[in-house]
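The residues making up each chain are set out below.
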Amino acid sequence: LRVVKFRRTGESTRSEEDAVSGEDEIQIEGVGTELEPVELEDGAAVPKEFANPTDDTFMVEDAVEAIGFGKFQWKLSIITGLAWASLYAMEMMILSILAPQLHCEWRLPSWQVALLTSVVFVGMMSSSTLWGNISDQYGRKTGLKISVLWTLYYGILSGFAPVYSWILVLRGLVGFGIGGVPQSVTLYAEFLPMKARAKCILLIEVFWAIGTVFEVLLAVLVMPTLGWRWLLVLSALPLLLFAVLCFWLPESARYDVLSGNQEKALATLKRIATENGAAMPLGKLILSRQEDRGKMRDLFTPHFRWTTVLLWFIWFSNAFSYYGLVLLTTELFQAGDVCSISSKRKEVKAKCSLTCEYLTQEDYTDLLWTTLSEFPGVLVTLWIIDRVGRKKTMALSFLVFSLCSLLLFLCVGRNVLTVLLFVARAFISGGFQAAYVYTPEVYPTATRALGLGTCSGMARVGALITPFIAQVMLESSVYLTLLVYSGCCLLAAVASCFLPIETKGRGLQESSHREWGQEMVGRGSQSPGVTRLNSGSQE
């Protein structure tokens, strides 16, 4: 007889020790010896349980664990990766290509060139919380579709900008749409079983690298002949493919249950089970308690207050350090090493701010190498995140980055400088992905999208500030600049260790109410002979 096993984990208010020692495994068996058999027309007898609906109940988390990882999740991984590559990586990578081109073509001063980058982050920062609110109120799929169509529309319009002021506004509106990208991770995570969640979200970083590499290759082909306008238009077209594929995406079953639409959620789960060739748990899908969704105050309840504050600083530090390192890399490579960068600055101060240089083939090659350096970071993070936990992974990433920053104080040669910069970027990018794993796991369904959205907004604040450190402060003191980045990451490592909840080995939380979670577990054990609870057992 076929047995469906799944683990029902406790609610988010449980402590880290409870999560390790207090897991409840629910085993639903398709037969009980004490049940009266029912005779079919051909004389065969089957247990009564198969003839009548069982009184047992299950939640979305139980169904996702029982169905497991299969064909549906593979399709969803590709679609989410496409969003990450086209909606995020390509549109961000284009900033490093567009800025020097317009600097030369439109004879822009340096501050206007820098503003082209900053305005995108302003748009992302201002919209991140809004997209999270929309996704919590109206559904993950709805928020994602609107953000994709928004970015597609204004991305294409950017190619027709006649003057600087127009492209400044249009790129800001593109950034406003990009702010909704993290909601693809929310939707993705809510369909992943616990064992596969961390690995799958981390592997999305591979699509980031693919998207940036594709953008650089597209620029090599388009820029010499067609120019930057065609590059902007062609870079937005992959979004059209994703917009079409969005119609295949189902709405999150967790969101449907939370909003009271359990029939739609059950239909979605049955569809996934059919595609994966897996069995659904027996019983009735529980209608979770209906809560106010997408409320900012829910992020600051006594249980989540410190988690929210610490995560905001962690996300800020990630973006501040990551984009700062990207800006520093060019400066340090041009100078040769840290010791000679001050003299280099003295030489270029005499140059006019309108002096410009077009990107060369060598520049594009350097961009490719810098991008490829992120692959080792993904692999290292992928290897350690389920071994040491999410909190320690983030702390380790920040510590390695801080150590590499301090080692740059030494007058190292070009080869050692390259190694230190690549190791630092590998770990800070891996730490960024670890934060993307941890954040959806720590918040319950009611505030998951909003929590991720506000964290993403804080990351954009860091990205806005870092040019003033990596470029402006660098002119005054390279050592002070490196000390700022190193100190920030040391504090972020401490913040990671002080996060009150470790989500390793824990399912996504459906509700923020402890009592409701205990009630659901209790209801699962009300049918003797059908459901068996084995506390602390491991699959």
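Residues numbered from 1 in each chain as written. Predicted model: local features only at pLDDT ≥ 70, side-chain atom pairs only at ≥ 80, totals over all residues. Heavy atoms only, no water.

Once that is clear, we can look at the overall build of the chain. Helix and strand counts for the chain stand at 21 helices and seven strands. Relative to its 539 residues, the chain shows a buried fraction of 58%. Contacts in the chain between residues far apart in sequence, at least 24 positions, make up 84% of those at least 6 positions apart. Here the chain displays about 22000 Å² of accessible surface, and carbon together with sulfur accounts for 64% of that area. (Helix = DSSP H or I, 4+ residues; strand = E, 2+ residues; numbered from the N terminus. Buried < 20%, exposed > 50% of the residue type's maximum accessible area, 1.4 Å probe, protein only. Contact = heavy atoms within 4.5 Å. Areas by Shrake-Rupley, 256 points an atom, 1.4 Å probe, with all protein chains shown as cover.)

Our focus in this paragraph is the packing of aromatic side chains. A full pass over the atoms with the stated rule returns 20 aromatic pairs. Between Trp 84 and Tyr 436, the aromatic rings sit 5.1 Å apart at their centres with planes inclined by 90°, giving edge-to-face as the arrangement. A residue pair is termed long-range when its members are at least 10 positions apart, and Trp 84 in helix H4 (residues 71–105) and Tyr 436 in helix H18 (residues 414–442) qualify at 352 residues. Neither residue differs from the other here; Trp 84 and Tyr 436 are each classed as buried. Between the aromatic rings of Phe 304 and Tyr 443, the centroid separation amounts to 5.6 Å while the plane-to-plane angle is 40°, which identifies the pairing as tilted. With Phe 304 in the loop between strand S6 (284–285) and helix H13 (305–335) and Tyr 443 in the loop between H18 and helix H19 (448–476), this pair connects stretches of sequence that are 139 residues apart. (Phe/Tyr/Trp six-rings, centres within 6.5 Å; stacked < 30°, edge-to-face > 60°.)

A grouping of Met 296, Phe 300, Trp 306 and Val 309 is seen on the molecular surface, where their side chains present a nonpolar patch of about 380 Å² in accessible area. The partly exposed category is assigned to Phe 300, whose relative accessible area is 30%. (Patch = residues over 30% accessible without salt bridge, like charges linked within 9 Å, V, L, I, M, F, W, Y side chains within 5 Å. Salt bridge = Lys/Arg side-chain N within 4 Å of Asp/Glu carboxyl O.)

Glancing now at the packing of helix H16 (residues 374–388) against helix H17 (residues 390–407). At their nearest, the axes of H16 and H17 sit 7 Å apart, and the two run at 135° to each other. As summarised for this structure, H16 and H17 are arranged oblique, according to the angle between their axes. Taken together, the residues of H17 that come into contact with H16 (itself represented by Thr 381, Ile 384, Ile 385, Asp 386 and Val 388) are Arg 390, Lys 392, Thr 393 and Leu 396. Looking at side-chain class alone, the contact of H16 with H17 contains four nonpolar, two polar and three charged residues. (Axes fitted to C-alpha atoms, helices over the stretch in contact; angles between N-to-C directions. Parallel < 35°, antiparallel > 145°, perpendicular 65-115°, else oblique. Nonpolar A, V, L, I, M, F, W, Y, C, P; charged D, E, K, R; others polar.)

Our next topic: the pattern of salt bridges. On inspection of all chains with the given rule, the structure shows five salt bridges. A salt bridge links Glu 190 to Arg 140; the nearest nitrogen and oxygen atoms lie 2.9 Å apart. With Glu 190 in the loop between helix H8 (182–189) and helix H9 (194–222) and Arg 140 in helix H6 (residues 140–158), this residue pair connects regions lying 50 residues apart in the sequence. Here Glu 190 and Arg 140 have matching classes, each one buried. Between Glu 275 and Arg 271 there is a salt bridge, with the nearest N and O atoms lying 3.5 Å from each other. Here Glu 275 pairs with Arg 271, and both are found in helix H12 (residues 262–276), just four residues apart, close to one helical turn.

With respect to the helices, strands and loops of the structure, Glu 441 is situated in helix H18. Using a relative accessible area of 1% as the deciding quantity, one classes Glu 441 as buried. For Glu 441, the side chain forms a polar contact with the side chain of Thr 503, separated by 2.5 Å. (Polar contact = N/O pair within 3.5 Å; in protein donor to acceptor, adjacent residues only side chain to side chain.)

Just geometry here; none of it tells us what the structure is for.
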